[in-house]
Every structure is written in structure tokens, then in C-alpha cells.
Amino acid sequence: MAGNATFRHGNAALLAVSSVEAPRIVSSTDFDHSLASTLQRLRFPPRLLERVAGITHRRWWAPGTSFDDAAAEAGAKALAEAGVEASEVGLLINTSVTRRSLEPSVAVKIHHRMGLHSSAMNFDLANACLGFVNGMILAANMIDSGQVKYAVIVNGEDAQPTQEATLERLRRPDTTREDFTREFATLTLGSGAAAAVLGPADEHPGAHRLVGGVMRAGTEHHDLCVGGVDGMSTDTKGLLDGGLQLVVDAWHEAQPEWDWASMDRYVTHQVSNAYTQAIIKAIDLDPGKVPITFPHWGNVGPASLPMTLAAEAQSLSSGDRVLCMGVGSGLNTGMVEIVW
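All of the points below concern the structure found in this document. Counting from 1, residues in each chain are numbered in the order their sequence is written. Thresholds applied to this predicted model are a pLDDT of at least 70 for local features of residues and 80 or more for the giving and counting of side-chain atom pairs; totals over whole chains, interfaces and linings are not thresholded and use all residues. Excluded from the side-chain calculation are hydrogens and water; included are all heavy atoms of the structure.

## Points about the nonpolar core
The nonpolar side chains of a soluble globular protein tend to be buried, and buried together.
Turning to step 1, where the next piece is worked out: Core analysis: the biggest nonpolar cluster contains 34 residues, and Leu14, Leu198, Leu309 and Trp340 have the highest contact counts within it.
Turning to step 2, where the next piece is worked out: A total of eight residues in this core trace back to one element, the largest contributor, which is helix α6 (residues 131-145).
Turning to step 3, where the next piece is worked out: Here, two residues are considered to be in contact whenever any of their heavy atoms come within 4.5 Å of each other. Residue contacts for Leu309: discarding those within four places in its chain leaves Leu14, Val17, Val267, Val322, Cys324, Ile338 and Trp340.
Turning to step 4, where the next piece is worked out: Phe67, Ala86, Val154 and Ala195 belong to the second largest nonpolar core, which has 32 residues in total. In this text, buried Ala, Val, Leu, Ile, Met, Phe, Trp, Tyr and Cys residues form a nonpolar core when linked through side-chain atoms within 4.5 Å. In this scheme, a residue with accessible area under 20% of its type's maximum is buried, one over 50% is exposed, and one in between is partly exposed, where area comes from a 1.4 Å probe on protein chains only. Only runs of H or I of at least four residues qualify as helices and only runs of E of at least two qualify as strands under DSSP, and these elements are numbered from the N terminus.

This is the structure:
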């Protein structure tokens, strides 16, 4: 296939991946109570979020904690685990969907909070829930080229403002079933932060090598999920169908070059039970090799995949093959192999 969407890395490795959990647990039952009159009026069954999405609770930040502070904390934690000094970092990529303003970048505050050197490039990379995977690929390419030695990819998400605005809107007496269905996915979101440190594989023999992968676009679906600070409008079925087809197409297109049928772990972007089970069935994955975190974190956007990877890290052994699989609204998909 023409293009540059199938790629291999030469000398890039994952040195550390870390996460920071938001401390406030907000259950789906809490949302049910908040929306009780609307759910009753519209004749929706009880425990709708748990039954449909499989999400029992998600997390919010404590008062006074911001998503970018949490991203900086995750970045500092990952640097400490990697044994890399802040002064050695040549690149910081922030992949957060959450942001307070259009400018400056979110990355500048995180760069400052982490105490990185002025020579360290920093910028935001936005691609919905696929942003962290894109960030790792870009950082690995820059390490392969010799432009930077160490890179930090960070992400922090805050679902609370969007969910509070959505709950208020859905409590209105004129809310229809169509309104509720369109905004349902917003209630599945969660807050959290994650970070990864990448560096040269030849200088870190015990690190986890990024082998390469595949990226594919299905941008005819760009209007299926459109979000902002005040809410998110989603065609849930269209998004599932389009995303699933894109993943299946990418999976089969990659097969002549990649053999991913028997990986040791498949770390996926965490959305819902329906989405996860559909992916497992469509490309015939072993369910026992697909870790699940969405029931207690919700969909933490771009942070969900690295948070899940960080949670799995202790159970992985040297030589294990891990496939990171993500989909972002728009639609885009990416699969990256890491040899642990």
C-alpha cells in the first residue's frame, strides 16, 4: 500500500510508563441518582451506564488539583522510574484532550512544572483518544533520527467539568430520548494522567523496544463524535461500526508484514464493554490477553491506554510481545508493537 502508515523503529525503547489515578470515585449510581427524574420520564431502565457500557465508576480530581499538574506528576514519576534526569530530556509532548484555553499550549506549564531544560522542545499533539500513541510514534522517530535522546510523552484528562455540564443539561424537563442517547458517551468518561519515557535502545539493554506498527485513517467519519468543554455529541452506533471496521481493515492490511495473532498482551484503548468485546470478536483475540480497566476508570481518553499499560507492566516478562491498539474520534487507528 502506498503511503507511510506502516512503519518500523530502529533504536527506540520504552524506558518507563506511569500513571496517576484521580482520587475521587464517582459511581454510575451517583449519575443515576442525579438523573433519576429524567430516566424515569424517558423510561430508561435502571443502571443504564453499568448495563450498556460496563462502567461502575470513574474518577475525578480532588479540589485544587488540575489535570496538567497531574500530567506533570506522572511525567516526573516516569523519569524517576527510568533513571533519566530532567536535564537530559530533549522533547516533551503533551497529548491531552483537556485544555483550559486555545493558547498557550498545555505543554508549556508541564514543561515548567517538570523543571525541563530550555533546550527541551515542547508542544501539544492532539488527535482525540489516539494522541498518546501518536506521541510515542513521533518521539520514537525523533530518537531514531538522532535529533533527541530522551523524550517524555504526557497526558492528563479532567472529565468533571464536561460531565457536570452534561448532567445539568440532561436534567432539563425538555430533554428527549434522542438528546440523552446523543450525550450518553460523555457520562462514560473519566479523569486520570499518564506518562512514558522513551530513549535509545542501544544504551538501555533492559528497556522495552518499540518495534513499529501501523496507522490507518477513516476520516469520512469525522463528524461521528464532536466534543467540547461543555459536552460531547456522539453517534454511538456509527462510531462503534466505523471504528470497528477501521481496526479490522488495519489489522488485515498489516498482516503481510506483521504477525500479531499470538501476542502476549493486547493493550487497547478503554471505551466500554460493547466496544471491547466487538474488537475481541472481530479479530479473534484471546480475551485473557486483553486487560480491562474501563469498569473502574471509565474512558480516560488518550490516558486510558498508557494507564492500562502501566497497570500491566509488573505482570509482563522480558521478551513478551505487547500490542498497543487505539482508536480516536475522527476516525484514526494505530497499533504499535513493543517487545518487553
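So, next bit.
## Observations regarding the pattern of salt bridges
Turning to step 1, where the next piece is worked out: Whenever Lys or Arg places a side-chain nitrogen within 4 Å of a carboxyl oxygen from Asp or Glu, that contact is recorded as a salt bridge. Inspection of the entire model under this criterion finds 15 salt bridges.
Turning to step 2, where the next piece is worked out: Here Arg216 makes a salt bridge to Glu253, at a shortest N to O gap of 2.4 Å. A residue pair is termed long-range when its members are at least 10 positions apart, and Arg216 in strand β9 (residues 208-217) and Glu253 in helix α9 (residues 236-254) qualify at 37 residues.
Turning to step 3, where the next piece is worked out: Classification of Glu253 by relative accessible area gives partly exposed; the value is 32%.
Turning to step 4, where the next piece is worked out: Between Glu312 and Arg265 there is a salt bridge, and its shortest N-O distance comes to 2.4 Å.

## Things to note about the pairing of strand β10 (residues 225-228)
Turning to step 1, where the next piece is worked out: Two strands make a pair as long as DSSP finds a minimum of two bridges between them. The pairing of β10 with strand β11 (residues 231-234) spans four bridges and is antiparallel. Residue Gly227 lies in a different strand from β11, and its bridge partner there is Met232.
Turning to step 2, where the next piece is worked out: Counted along the chain from β10 to the antiparallel partner β11, the turn is two residues long.

## Here's the deal with the side chain of Glu312
Turning to step 1, where the next piece is worked out: Along the chain, the position of Glu312 falls in helix α12 (residues 304-312).
Turning to step 2, where the next piece is worked out: Overall, the relative accessible area of 17% leaves Glu312 in the buried class.
Turning to step 3, where the next piece is worked out: The residues contacting Glu312, other than those within four sequence positions of it, are Arg265 and Pro291.

## Focus on α12
Counting along an α-helix, one turn takes 3.6 residues, and residues three or four places apart therefore face a common direction.
Turning to step 1, where the next piece is worked out: Most of α12 sits inside the fold, with eight of its nine residues counted as buried.
Turning to step 2, where the next piece is worked out: Within the sequence span of α12, burial applies to Ser304, Leu305, Pro306, Met307, Thr308, Leu309, Ala310 and Glu312.

## A short note on the side chain of Thr186
Turning to step 1, where the next piece is worked out: On the secondary structure map, Thr186 appears in the loop between α8 (177-183) and β8 (192-200).
Turning to step 2, where the next piece is worked out: Side-chain polar atoms of Thr186 contact the backbone oxygen of Met232, separated by 3.2 Å.
Turning to step 3, where the next piece is worked out: Setting aside anything within four residues of it in sequence, one finds Thr186 in contact with Thr162, Gln163, Thr166 and Met232. Identification of polar contacts relies on pairs of N or O atoms within 3.5 Å, with a donor-acceptor requirement for protein atoms, meaning one able to donate a hydrogen and the other able to accept it, and with residues adjacent in sequence counted only if both atoms are side-chain atoms.

## Focus: the environment of Cys225
Turning to step 1, where the next piece is worked out: With respect to the secondary-structure elements, Cys225 resides in strand β10.
Turning to step 2, where the next piece is worked out: Owing to a relative accessible area of 15%, Cys225 belongs among the buried residues under this scheme.
Turning to step 3, where the next piece is worked out: Between the alpha carbons of Cys225 and Ala185 there is a distance of 9.3 Å; along the sequence they are 40 residues apart.
Turning to step 4, where the next piece is worked out: If we ignore the near neighbours within four places in the chain, the residues touching Cys225 are Met232, Ser233, Thr234, Leu239 and Ser329.

## Here's the deal with the packing of helix α4 (residues 67-82) against helix α5 (residues 106-114)
Turning to step 1, where the next piece is worked out: At a closest axis distance of 9 Å, the pairing of α4 and α5 adopts a crossing angle of 50°. Between α4 and α5, the angle is such that the two are oblique. The two elements α4 and α5 cross, and the hand of that crossing is right-handed. Together, Phe67, Asp68, Asp69, Ala71, Ala72, Gly75, Ala76 and Leu79 of α4 and Val106, Lys109, Ile110, Arg113 and Met114 of α5 make up the contact between the two elements. Simply put, an axis is a line fit to the C-alpha atoms, just over the touching stretch for a helix, and the angle between two N-to-C directions goes from 0 to 180 degrees. Roughly parallel refers to an angle under 35 degrees, roughly antiparallel to one over 145, roughly perpendicular to one between 65 and 115, and oblique to any angle outside these ranges. It is the rotation of the near helix from the far one that decides the hand of a crossing: anticlockwise by less than a right angle makes it left-handed, clockwise makes it right-handed.

## Details of the packing of aromatic side chains
Turning to step 1, where the next piece is worked out: Think of it this way: a Phe, Tyr or Trp ring, Trp meaning its six-membered ring, pairs with another when their centres are within 6.5 Å, and the plane angle makes it stacked under 30 degrees, edge-to-face over 60, tilted otherwise. Throughout the structure, instances matching the rule amount to six aromatic pairs.
Turning to step 2, where the next piece is worked out: Taken together, a centroid distance of 6.4 Å and an interplanar angle of 45° make the contact between Phe180 and Phe184 tilted.
Turning to step 3, where the next piece is worked out: By relative accessible area, Phe180 is classed as buried at 3%.
Turning to step 4, where the next piece is worked out: Residue classification places Phe184 among the buried residues on the basis of a relative accessible area of 12%.
Turning to step 5, where the next piece is worked out: Ring centres of Trp251 and Tyr266 lie 6.5 Å apart, and the angle between their planes is 50°; this geometry places the pair in the tilted category. Of this pair, Trp251 sits in helix α9 while Tyr266 sits in strand β12 (residues 265-268); the two residues are 15 residues apart in sequence, bridging distant segments of the chain. Each member of the pair, Trp251 as well as Tyr266, is classed as buried.
Turning to step 6, where the next piece is worked out: Connected via pairs of aromatic rings, a cluster forms that spans Trp251, Trp258, Trp260 and Tyr266.
Turning to step 7, where the next piece is worked out: Positioned over the ring face of Trp258 is Arg8, at 4.1 Å from the centre of the ring. The criterion for a charge sitting over a ring is simple: Lys NZ or Arg CZ within 6 Å of the ring centre, and within 35 degrees of the ring normal.

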